[in-house]
Amino acid sequence: MLTEPVEIHFDDLDPQGVVHNSRYALFIERVLGAFWRRHGFSFRDGRPTKPDVFHVVAEFGVRYLAPIPGTGTVHVHLWLEHLGGSSARYGFRVSSVDGSVTHAEGHRVNIRVDQSTRRPTPWSDESRAVASLLLPEGAAAGAVLPEKVA
């Protein structure tokens, strides 16, 4: 599991002074992108540094539980719920820094696609190893990260 601080800026707010609902997806994108960049998975000069960087978001679900009032810092908690042949399902929670308030929770599903065919294709062993770092504490890697399907 990963916990990262995210700064809330004035332009993240709606006219009521709370974080706009669309910004939660952006917060998750930033935290997930930063995690993978730290492990060498990014884009450089408009090209993926590794083939597994080429993926699409297939699903994004969020439940808004308590508004984030104004600017400041929140924490994004991110973990891997499932890694299939070509799919990855992440869970997330956005909380106050002290963890006492959960502002939102949800999931995001990515599908790895072949850059040429745009069809689903399996994750590499390297991606699987990096993804395992996002397993919740005490999770059995074998149960969440099934063997690659040939």
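Summary of the structure given here. (Residues numbered from 1 in each chain as written. Predicted model: local features only at pLDDT ≥ 70, side-chain atom pairs only at ≥ 80, totals over all residues. Heavy atoms only, no water.)

## A few points about the environment of Ala-129
Counted only if it meets this: Strands here are runs of E lasting at least two residues and helices are runs of H or I lasting at least four, both read from the DSSP assignment and numbered beginning at the N terminus. Here the term buried applies to any residue with accessible area under 20% of the maximum for its type, exposed to any over 50%, and partly exposed to those in between, with areas from a 1.4 Å probe on protein chains only.
Tracing the sequence through the fold places Ala-129 in helix H2 (residues 125-131). Overall, Ala-129 belongs to the partly exposed group, its relative accessible area being 46%. Each C-alpha atom of the pair Ala-129 and Val-101 lies 32 Å from the other, and the pair is 28 residues apart in sequence.

## Some remarks on the packing of aromatic side chains
Rule in force here: Centre distance within 6.5 Å is the pairing criterion for rings of Phe, Tyr and Trp, where only the six-membered ring of Trp is used; planes under 30 degrees apart are then read as stacked, over 60 as edge-to-face, and the remainder as tilted. Think of it as a cone above the ring: NZ of Lys or CZ of Arg counts as a charge over the ring if it is within 6 Å of the ring centre and within 35 degrees of the ring normal.
Evaluation of the coordinates by the stated rule reveals 5 aromatic pairs. Between Tyr-24 and Tyr-64, the aromatic rings sit 5.1 Å apart at their centres with planes inclined by 70°, giving edge-to-face as the arrangement. Here Tyr-64 lies in strand S4 (residues 55-64) and Tyr-24 lies in helix H1 (residues 23-38), a separation of 40 residues in the sequence. Residues Trp-36 and Phe-41 carry aromatic rings whose centres are separated by 5.0 Å and whose planes lie at 80° to one another, so their mutual orientation is edge-to-face. This pair shows no difference in class: Trp-36 is buried, exactly as Phe-41 is. A connected cluster of aromatic rings, assembled from ring pairs, spans Tyr-24, Phe-27 and Tyr-64. Sitting over the ring of Phe-41, Lys-50 keeps its end group 5.3 Å from the ring centre.

## Some remarks on the side chain of Thr-121
Our working rule: Residue contacts follow a heavy-atom distance rule, with two residues in contact if any of their heavy atoms lie within 4.5 Å.
On the secondary structure map, Thr-121 appears in the loop between strand S7 (102-112) and H2. Residues in contact with Thr-121, not counting those within four places in the same chain, are Gly-85, Ser-86, Arg-112, Val-113 and Asp-114.

## Points about H1
Which entries qualify depends on this criterion: Multiplying 1.5 Å by the residue count of a helix minus one yields the expected span of that helix.
In this model H1 runs 23 Å from its N-terminal to its C-terminal C-alpha over 16 residues, within 8% of the 22 Å that 1.5 Å per residue would give. Of all the residues in H1, the buried ones are Tyr-24, Phe-27, Ile-28, Val-31, Leu-32, Ala-34, Phe-35 and Trp-36. Along its buried surface, H1 packs onto strand S1 (2-8), S4, strand S5 (72-83), strand S6 (87-96), S7 and H2. Just past H1, the residue Gly-40 takes up positive phi, approximately 90°.

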